[in-house]
Amino acid sequence: MAALLSTLLLLIFSRSFIGTLSLGVGINYGQIANNLPSPSRVSVLLGSLNISRVKLYDADPNVLTAFANTNVEFIIGLGNENLQKMQDPQQAQIWIQQKVQPHISQTRITCITVGNEVLGGLDPQLPQYLVPAMKAMHQALVNLGLNSQVYVTTAHSLQILKTSFPPSNGAFRDDLIQYIQPILAFHAMSGSPFLINAYPYFAYKNDPKNVQIEYLLFEPNVGTVDPNTNLKYDNMLYAQIDAVYSGIKALGHNDIQVRISETGWPSKGDMDEPGATVENAGIYNRNLLQRMQAGQGTPAHPSQRIDIYVFALFNENMKPGPTSERNYGLYYPDGTPVYNLGVQGYLPRIDYSFSGKNALCIFRVLVLLLGPLLIS
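These notes cover the structure that comes with them. Because the structure is predicted, anything quoted here is derived from the model rather than measured.

Here the focus is the overall build of the chain. The number of helices and strands found in the chain is eleven helices and twelve strands. The proportion of buried residues among the 376 residues of the chain is 51%. Across the chain, the fraction of contacts at a sequence separation of at least 24, relative to all contacts at a separation of at least 6, is 71%. Of the roughly 17,100 Å² of accessible surface on the chain, 52% is carried by carbon and sulfur atoms.

Set out below in structure tokens:
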């Protein structure tokens, strides 16, 4: 009977459980799938992993409601399809009133990403809308008194770089500077970070014969040396981060923080996607997590702790593109780990959407019902 009570209590309090182990990073919670667990179950899983930062690609009210009173910080997203409309300050304010205000008193929304990988993307019209939409969203937050709680930014692909090595020579593409310069001015004004989606895997996929995979996976390797600074890099991700910092500095800014809004490694791929294996994905993310838990900075910015959101929580079976796109998850949709990360999560089999107050009431009932049995 004691074992039964322990199991019941675990289920009841798993929403507020704080694990002794932590992934030490944020997580991207994508939902392009038809077989994912409900948000209330996901909130239990992330609580058991002690993950306190989540990035969404939209502002799904079901997710935000499920994470109410959990103290998890959320980045929510405004889709690329809405950029043109959100140039209008009135539309931006309506969006925040509908998507943010109903939840922010109970769910910690700290950031809005306006668009994703707009610069250098497939739609040549979108870049012109990006900065106006970012400014309109920020001003709407100011108008509503939320700008001290929520900041505005956007996430970039590394395709915005024309030079990434050596890191000290990092530079943005000439054709994109007209957009990047005002984005940097916006960050400097608002104090928001510059987000990049960085995937060393792509370097191996594009040139597996000449790219040393150990350098990408944080495994022991000879590394590379920046000839301008004599700084040694033992992994590509840190070199990519410092290349972005150099590009920002070249445009006159030294006070803008770079954060990794996405990074990961696929566990499965097509025939032309070498290196996309369960083994390599596990190595990449385990080594990455160890470095994040150690509080590392990059060689050029050793005192600036790297801030990373891993991609992604689940495999997403409806994502278009090559097989790898559907296999970046740390977990299968049933809650089974794709590989061992060194931490044990818990995904309940049924939904637990009750509040902490209701949980306490149930606990008291259980004690009344089961207490005499336990004593006997």
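What follows continues from the structure just given.
So, about the environment of serine 52. In this fold, serine 52 is placed in the loop between helix H2 (39-48) and strand E2 (53-55). Those residues in contact with serine 52, other than ones at most four positions away along the chain, are Asn71, Val72 and Glu73.

Turning our attention to the pattern of salt bridges. Where charged atoms from two side chains of opposite charge come close, those side chains can pair. A full pass over the atoms with the stated rule returns nine salt bridges. Between arginine 173 and aspartate 175 there is a salt bridge whose closest N-O contact spans 2.8 Å. The shortest N-O distance in the salt bridge between arginine 291 and aspartate 234 comes to 3.0 Å. Residue arginine 291 is found in helix H10 (residues 278-293), and its partner aspartate 234 is found in the loop between strand E10 (232-233) and helix H9 (236-250); the two are separated by 57 residues along the sequence. The buried category is assigned to arginine 291, whose relative accessible area is 15%. Judged by relative accessible area, aspartate 234 falls into the partly exposed class, the value being 31%.

So, on to the environment of glutamate 117. Along the chain, glutamate 117 falls in the loop between strand E4 (108-116) and helix H5 (127-143). Here the alpha-carbon distance between glutamate 117 and asparagine 80, two residues 37 residues apart in the chain, equals 8.7 Å. If we skip the residues at most four places from it in the chain, glutamate 117 touches Ala155, His156, Ser157 and Asn197. At a separation of 2.9 Å, a polar atom in the side chain of glutamate 117 contacts the side chain of asparagine 197.

The end-to-end C-alpha distance of helix H6 (residues 177-190) is 20 Å, a good match for the 20 Å that 14 residues give at a rise of 1.5 Å each. Among the residues of H6, those classed as buried are Ile180, Ile183, Leu184, Phe186 and His187. Buried residues of H6, viewed axially, fall in a sector of 155 degrees; they line one side. Seen from the open side of H6, the exposed residues pointing more than 90 degrees away from its buried face are Gln178 and Met189. On the buried face of H6, the contacting elements are H5, strand E5 (151-157), strand E7 (171-172), strand E8 (194-197) and H9. Looking one or two residues past H6, glycine 191 carries a phi angle of roughly 75 degrees, positive in sign.

Our next topic: the nonpolar core. Grouped together as the largest cluster of nonpolar side chains are 102 residues, with contacts concentrated most on Ile76, Trp95, Ile112, Val114, Met137 and Phe194. Sequence-distant contacts of phenylalanine 194, that is, excluding residues within four places in its chain, are made with His156, Ile160, Phe172, Ile183, Leu184, His187, Val244, Ile248, Ile256, Gln257, Val258 and Arg259.

Glancing now at the pairing of strand E11 (residues 258-263). Counting buried residues in E11 gives five out of six residues, a clear majority hidden from the surface. Pairing geometry for E8 and E11, over four bridges, is parallel. What sits directly across from isoleucine 196, in E11, is isoleucine 260. Pairing between E11 and strand E12 (residues 308-310): two bridges, direction parallel. Across the sheet, the residue bridging to threonine 263 is valine 310, located in E12. In this view, the connection linking E11 to its parallel neighbour E12 by way of H10 has right-handed handedness.

Moving on, we get to the pairing of E4. In terms of burial, E4 is largely enclosed, as seven of its nine residues are buried. Looking at chain direction, strand E3 (residues 73-78) and E4 are connected through six bridges and run parallel. Looking at E4, one finds that glutamate 73 is bridged to arginine 108. Note on the crossover from E3 through helix H4 (residues 89-99) to E4: the handedness is right-handed. Alignment of E4 against E5, held across four bridges, turns out to be parallel. Considered in E5, the bridge of cysteine 111 is made with tyrosine 151. You can see the chain leave E4, run along H5 and come back into E5, and the turn it takes is right-handed.

Conventions and cut-offs
Here the residue index of a chain counts from 1 through its sequence in written order. The model is predicted, so local features are restricted to residues of pLDDT at least 70 and side-chain atom pairs to those at 80 or more, both for listing and for counting; the totals for chains, interfaces and linings are taken over all residues. Only heavy atoms go into the side-chain values, all of them from the structure, while hydrogens and water stay out. Every helix listed is a DSSP run of H or I at least four residues long, and every strand listed is a run of E at least two residues long, numbered separately from the N terminus. Classification of residues uses two cut-offs on accessible area relative to the type maximum, computed with a 1.4 Å probe and protein chains only: under 20% is buried, over 50% is exposed, and between them is partly exposed. The contact criterion used throughout is that any non-hydrogen atoms of two residues lie within 4.5 Å. For the area figures, the Shrake-Rupley method with a 1.4 Å probe applies, and any residue is considered shielded solely by the protein chains shown. The working definition used for a salt bridge is a side-chain nitrogen of Lys or Arg within 4 Å of a carboxyl oxygen of Asp or Glu. Definition of a polar contact: a pair of N or O atoms within 3.5 Å, with one able to donate and the other able to accept a hydrogen when the atoms are protein atoms, and with sequence-neighbouring residues admitted only if both atoms are side-chain atoms. For a helix, the expected span equals 1.5 Å multiplied by the number of residues minus one. Arc definition: directions from the helix axis to the C-beta atoms. Think of a nonpolar core as a cluster: buried Ala, Val, Leu, Ile, Met, Phe, Trp, Tyr and Cys residues, connected wherever their side-chain atoms sit within 4.5 Å. Pairs of strands are assigned from DSSP output, requiring at least two bridges between the strands. Crossovers are marked right-handed if the path from the first strand over the helix to the second runs clockwise, as seen with the strands pointing away from the viewer.

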